[in-house]
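Chains, contacts and geometry: an overview
Chain by chain, the residues:
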Amino acid sequence: MTVRVLLADDESLLRMAFTMVLDAQPDMVAVGEAADGAEAVRLARALRPDVVLMDVRMPGMDGIEATARISRDSPSSKVLILTTFDLDEYAFAGLRAGASGFLLKNALPEELLAAIRTVAAGDAVVSPRITRRLLETFAHRLPHGDHPVFDERLERLTAREREVLVEVARGLSNTEIAAELHLAEATVKTHLGRVLLKLELRDRVQAVVFAYEHRLVHPA
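What you see is a predicted model; the values in this text were computed from it and never measured.

1. Topic: the environment of Leu-47
Structurally, Leu-47 is set in helix 2 (residues 37-47). Accessibility expressed as a relative area gives 27% for Leu-47, which makes it partly exposed. In sequence terms Leu-47 and Ser-74 are 27 residues apart; their C-alpha atoms lie 10.0 Å from each other. Apart from residues lying up to four places away in sequence, Leu-47 is in contact with Arg-4, Val-31 and Gly-32.

Here's what the structure looks like:
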């Protein structure tokens, strides 16, 4: 399957460089370029790309608002946030807006390509620990208190599924969760899939954000 990628960045040279890297791959193609968020939203709706490489700092509509609109209006298109620093304040906002992860702008070409393939396959490119570090860094933006925030979707989870969600939010991999809960790794993967379905979430990253925002776990 060819992964169709939309590039959203206000720097034309960067878009050109990304296009050259993508078009050199047998399984990828750059289907469009946007210089600002509004154009990215319009092209995502028209072109239906598999992945949108989204810069956050663009004139007019920024990448965060564009990510939120694409996640809402074009849910089949996954967004990969491009950021300058690994704890850029925009990265957290992008994850909350519906991005499937974030990538540093100075990432190596092979890292960029691997990230695009991962996101296109429906997974997240941000490792659990990096996601947790992001949330802990911006803990002041999260709800305060000791008790979970009520959400009727949580009532859909079994006790085991809730346990798995908490361990995901703590930053454990599926292998580590399996060891912690004495389960097979395949069972953990099944539970996590059901958690995402019941909570109406797109991927592991959003599950971590959900758990923190609903105070199922607390920043260190």
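2. Quick word on the packing of helix 8 (residues 174-181) against helix 9 (residues 185-199)
Describing two packed helices takes the angle between their axes plus the distance from one axis to the other. Relative orientation of the contacting elements helix 8 and helix 9 amounts to 105°, with a least axis distance of 8 Å. In terms of their interaxial angle, helix 8 and helix 9 are classed as roughly perpendicular. Residues Asn-174, Thr-175, Ile-177 and Ala-178 of helix 8 pack against Glu-185, Val-188, Lys-189 and Leu-192 of helix 9. Its residues placed into classes, the contact of helix 8 with helix 9 shows 4 nonpolar, 2 polar and 2 charged.

3. Section: the side chain of Ser-71
As for its placement among the helices and strands, Ser-71 is situated in helix 3 (residues 63-73). A polar atom in the side chain of Ser-71 sits 3.4 Å from the backbone oxygen of Ala-97. A polar atom in the side chain of Ser-71 sits 3.5 Å from the backbone oxygen of Gly-98. Every residue in contact with Ser-71, bar those within four places of it in the chain, is listed here: Ala-97, Gly-98, Ala-99 and Arg-202.

4. Some points on the sheet that holds strand 5 (residues 102-104)
The sheet built from 5 strands is open, its strands ordered 2-1-3-4-5 with parallel pairing. Unpaired on one side and paired on the other, strand 2 (28-34) and strand 5 mark the two borders of the sheet. Strand after strand, the sheet turns through a mean of 25° between neighbouring axes, direction not considered. Judged from the 5 bridges that link them, strand 3 (residues 51-55) and strand 4 (residues 78-83) form a sheet pairing that is parallel. Residue pairing in the sheet places Met-54 in a bridge with Ile-81 of strand 4. Across the face of the sheet, helix 2 comes into contact with strand 1 (3-8), strand 2 and strand 3 while running at roughly 135° to strand 2. The sheet contacts of helix 5 (residues 109-120) involve strand 1, strand 2, strand 3, strand 4 and strand 5, and relative to strand 3 the element is tilted by about 125°.

5. Remarks on the pairing of strand 4
Along any regular strand, the residues point their side chains to alternate faces of the sheet. A large share of strand 4 lies buried, amounting to 6 of its 6 residues. Of the two faces of strand 4, the one carrying Lys-78, Leu-80 and Leu-82 and the one carrying Val-79, Ile-81 and Thr-83 are both buried. The parallel pair strand 3 and strand 4 is bridged by helix 3, and the resulting crossover is right-handed. As defined by bridge partners, strand 4 adjoins strand 5 across 3 bridges and the pair is classed as parallel. Looking at the pairing, Leu-82 lines up with Leu-103 of strand 5.

6. Considering the pairing of strand 2
The pairing of strand 1 with strand 2 spans 6 bridges and is classified as parallel. Within the sheet, the bridge partner assigned to Ala-8 lies in strand 2 and is Ala-34. A crossover links strand 1 with its parallel partner strand 2, the connecting element being helix 1 (residues 12-23), and its sense is right-handed.

7. Quick look at helix 1
Helix length check: helix 1 (12 residues) gives 16 Å between terminal C-alpha atoms against 16 Å at 1.5 Å per residue, within 8%. Those residues of helix 1 lying buried are Arg-15, Phe-18, Thr-19 and Leu-22. For helix 1, the buried positions fall inside an angular range of 105° around the axis, keeping them on one side. With respect to the buried face of helix 1, the exposed residues turned more than 90 degrees away are Leu-13 and Met-20.

Conventions used here
- Residues numbered from 1 in each chain as written.
- Predicted model: local features only at pLDDT ≥ 70, side-chain atom pairs only at ≥ 80, totals over all residues.
- Heavy atoms only, no water.
- Helix = DSSP H or I, 4+ residues; strand = E, 2+ residues; numbered from the N terminus.
- Buried < 20%, exposed > 50% of the residue type's maximum accessible area, 1.4 Å probe, protein only.
- Contact = heavy atoms within 4.5 Å.
- Axes fitted to C-alpha atoms, helices over the stretch in contact; angles between N-to-C directions.
- Parallel < 35°, antiparallel > 145°, perpendicular 65-115°, else oblique.
- Nonpolar A, V, L, I, M, F, W, Y, C, P; charged D, E, K, R; others polar.
- Polar contact = N/O pair within 3.5 Å; in protein donor to acceptor, adjacent residues only side chain to side chain.
- Pairing = 2+ DSSP bridges.
- Right-handed = clockwise from strand over helix to strand, strands pointing away.
- Expected span 1.5 Å × (residues − 1).
- Arc of directions from axis to C-beta.

Fair warning: the whole summary comes from geometry, so function is off the table for now.
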